[in-house]
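Structural description and commentary
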Amino acid sequence: MIQIPKDGYWHCKIMIDKNTFPIYLYDKSFYYLNENIVKFYRQNKEFVIDGHRIENREKIKYIKIVHSDQKYITYGIEKKYYFDFPLVFENGKDFTNDLLHSEEYDVFFKEINKSNDNSSNTNTININNINQQQQMQSQSQQISIEKIIELQDTFAELRKELKTNKNIDCEEMKETQDALDELSQNSPTEQKNKAFTKLRRFINTVSSVIDKTSKAFELFEKLKKIYNYIAPVIGLMLI
């Protein structure tokens, strides 16, 4: 029977097109992973990840699910072709086949529903307890108000510096600023996703036109760091 670790973190990498950058999810609970990806994949149903609607598993070119004892950033990040590649996907324990393709997955859930697992193995736990504990962990993964304020202030400063840059769409900057200014610690997930999707789009656009010797570039790099700090918490990919 599949043994699910009761502690630690789950990470998922998905490619829906060989020519696009992968979608990453980091530091998720088993509950989150199962409820948002695994069960839909196994049933071949539509699901949404990082704003990407995936009609069925046939649309996925590549998927990998790993578990680690520590958060993804602990394992380091390797720079390749201007992109960041988290090394946790090389160093974590691969559960892709167990969770997505193994018949034991269905047996595992059936057995858990029949009786509690009284095993002496302290590294595993029954699925009901996992769901309870991991739901609490998922709920606790909130963005601190300090980070939100730092993000809003940094973007506002950057916007001032970029106002005279003719290569930058001022209207897009305003829309992004408005979306960020409306955020709070308790904003709904959908609102956070929309605001950060706008921000990611803005960052990707500006990266090719900003003067790397300017004060604006320093603010831009700071903005990217804040985004990459927050993104995994709400299930968005890094820049």
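Residues numbered from 1 in each chain as written. Predicted model: local features only at pLDDT ≥ 70, side-chain atom pairs only at ≥ 80, totals over all residues. Heavy atoms only, no water.

What follows concerns the overall build of the protein chain. When its secondary structure is counted, the protein chain shows 9 helices and 8 strands. By the burial criterion, 42% of the 239 residues in the protein chain qualify as buried. Residue pairs at least 24 apart in sequence account for 67% of intrachain contacts in the protein chain once pairs closer than 6 positions are excluded. If you sum the accessible surface of the protein chain, you get close to 13,500 Å²; carbon and sulfur atoms cover 44% of it. (Helix = DSSP H or I, 4+ residues; strand = E, 2+ residues; numbered from the N terminus. Buried < 20%, exposed > 50% of the residue type's maximum accessible area, 1.4 Å probe, protein only. Contact = heavy atoms within 4.5 Å. Areas by Shrake-Rupley, 256 points an atom, 1.4 Å probe, with all protein chains shown as cover.)

Let's shift gears to the nonpolar core. Counting 27 residues, the largest nonpolar core has Leu151, Leu158, Leu162, Phe196, Leu199 and Phe202 as its most contacted members. Sorting elements by how many residues they give to this core places helix H9 (residues 215–230) first, with 8 residues. The next biggest cluster of nonpolar side chains, apart from the first, holds 22 residues, and it includes Cys12, Ile14, Leu33 and Ile63. (Core = buried A, V, L, I, M, F, W, Y, C linked by side-chain atoms within 4.5 Å.)

This next bit is on the packing of helix H6 (residues 145–162) against helix H7 (residues 170–181). Between H6 and H7, the least distance of the axes is 10 Å, while the angle of their chain directions is 165°. For the element pair H6 / H7, the angle class is roughly antiparallel. Crossing of H6 against H7: the hand is left-handed. The residues of H7 that touch H6, namely those facing Leu151, Gln152, Phe155, Ala156, Arg159 and Leu162, are Met173, Lys174, Thr176, Gln177, Leu180 and Asp181. (Axes fitted to C-alpha atoms, helices over the stretch in contact; angles between N-to-C directions. Parallel < 35°, antiparallel > 145°, perpendicular 65-115°, else oblique. Left-handed = near helix turned anticlockwise from the far one by under 90°.)

Close contact between helix H8 (residues 189–206) and H9 brings their axes to 11 Å; oriented N to C, the two are set at 145°. Here the hand of the crossing between H8 and H9 comes out left-handed. Between H8 and H9, the contacting residues are Phe196, Leu199, Arg200, Ile203 and Val206 on the first element and Phe220, Leu223, Lys224, Tyr227 and Ile230 on the second. In terms of residue class, the contact of H8 with H9 is made up of 8 nonpolar, no polar and 2 charged. (Nonpolar A, V, L, I, M, F, W, Y, C, P; charged D, E, K, R; others polar.)

Strand pairing in a sheet relies on backbone hydrogen bonds. The paired strands run either parallel or antiparallel. Across the sheet, 4 strands lie side by side as E2-E1-E5-E8; this open sheet has antiparallel pairing. Sheet topology places strand E2 (23–28) and strand E8 (93–94) at the edges, where each strand pairs with a single neighbour. Alignment of strand E5 (residues 62–68) against E8, held across 2 bridges, turns out to be antiparallel. The residue bridging Val66 from the neighbouring strand is Asp94, located in E8. (Pairing = 2+ DSSP bridges.)

Attention now moves to the pattern of salt bridges. If you walk through the whole model with that rule in mind, you get 8 salt bridges. Between Lys39 and Glu35 there is a salt bridge whose closest N-O contact spans 3.0 Å. Within this pair, Lys39 and its partner Glu35 are both found in helix H1 (residues 30–42), separated by 4 residues, close to a single helical turn. In this structure Lys39 comes out as partly exposed when scored by relative accessible area, which is 28%. (Salt bridge = Lys/Arg side-chain N within 4 Å of Asp/Glu carboxyl O.)

Another aspect to go through is H6. The terminal C-alpha atoms of H6, which comprises 18 residues, lie 26 Å apart, in line with the 26 Å expected from a rise of 1.5 Å per residue. Within H6, the full set of buried residues consists of Ile148, Leu151, Gln152, Thr154, Phe155, Leu158 and Leu162. The elements touched by buried residues of H6 are H7, H8 and H9. (Expected span 1.5 Å × (residues − 1).)

Within the secondary structure layout, Lys64 lies in strand E5. One buried charged residue, Lys64, forms no salt bridge at all, with the nearest opposite charge on Asp94 at 4.4 Å. Here Phe89 takes part through its backbone oxygen, which lies 2.7 Å from a polar atom of the side chain of Lys64. Here Lys64 is in contact with His11, Cys12, Lys13, Phe89, Asp94 and Thr96, once residues within four sequence places are set aside. (Lys, Arg positive; Asp, Glu negative; His and termini not counted. Polar contact = N/O pair within 3.5 Å; in protein donor to acceptor, adjacent residues only side chain to side chain.)

Okay, the packing of aromatic side chains next. Aromatic ring pairs are defined here through the distance separating the ring centres and the angle between the ring planes. Counted under the stated rule, the structure contains 10 aromatic pairs. Ring geometry for Phe40 and Phe47: centres 6.5 Å apart, planes at 25°, overall stacked. Here Phe40 falls in the partly exposed class, since its relative accessible area comes to 24%. Each residue in the set Tyr24, Tyr26, Tyr72 and Phe89 is aromatic and connected to the rest through ring pairs, giving one cluster. Over the face of the ring belonging to Tyr229 we find Lys147, whose NZ or CZ atom lies 4.6 Å from the ring centre. (Phe/Tyr/Trp six-rings, centres within 6.5 Å; stacked < 30°, edge-to-face > 60°. Lys NZ or Arg CZ within 6 Å of the ring centre and 35° of its normal.)

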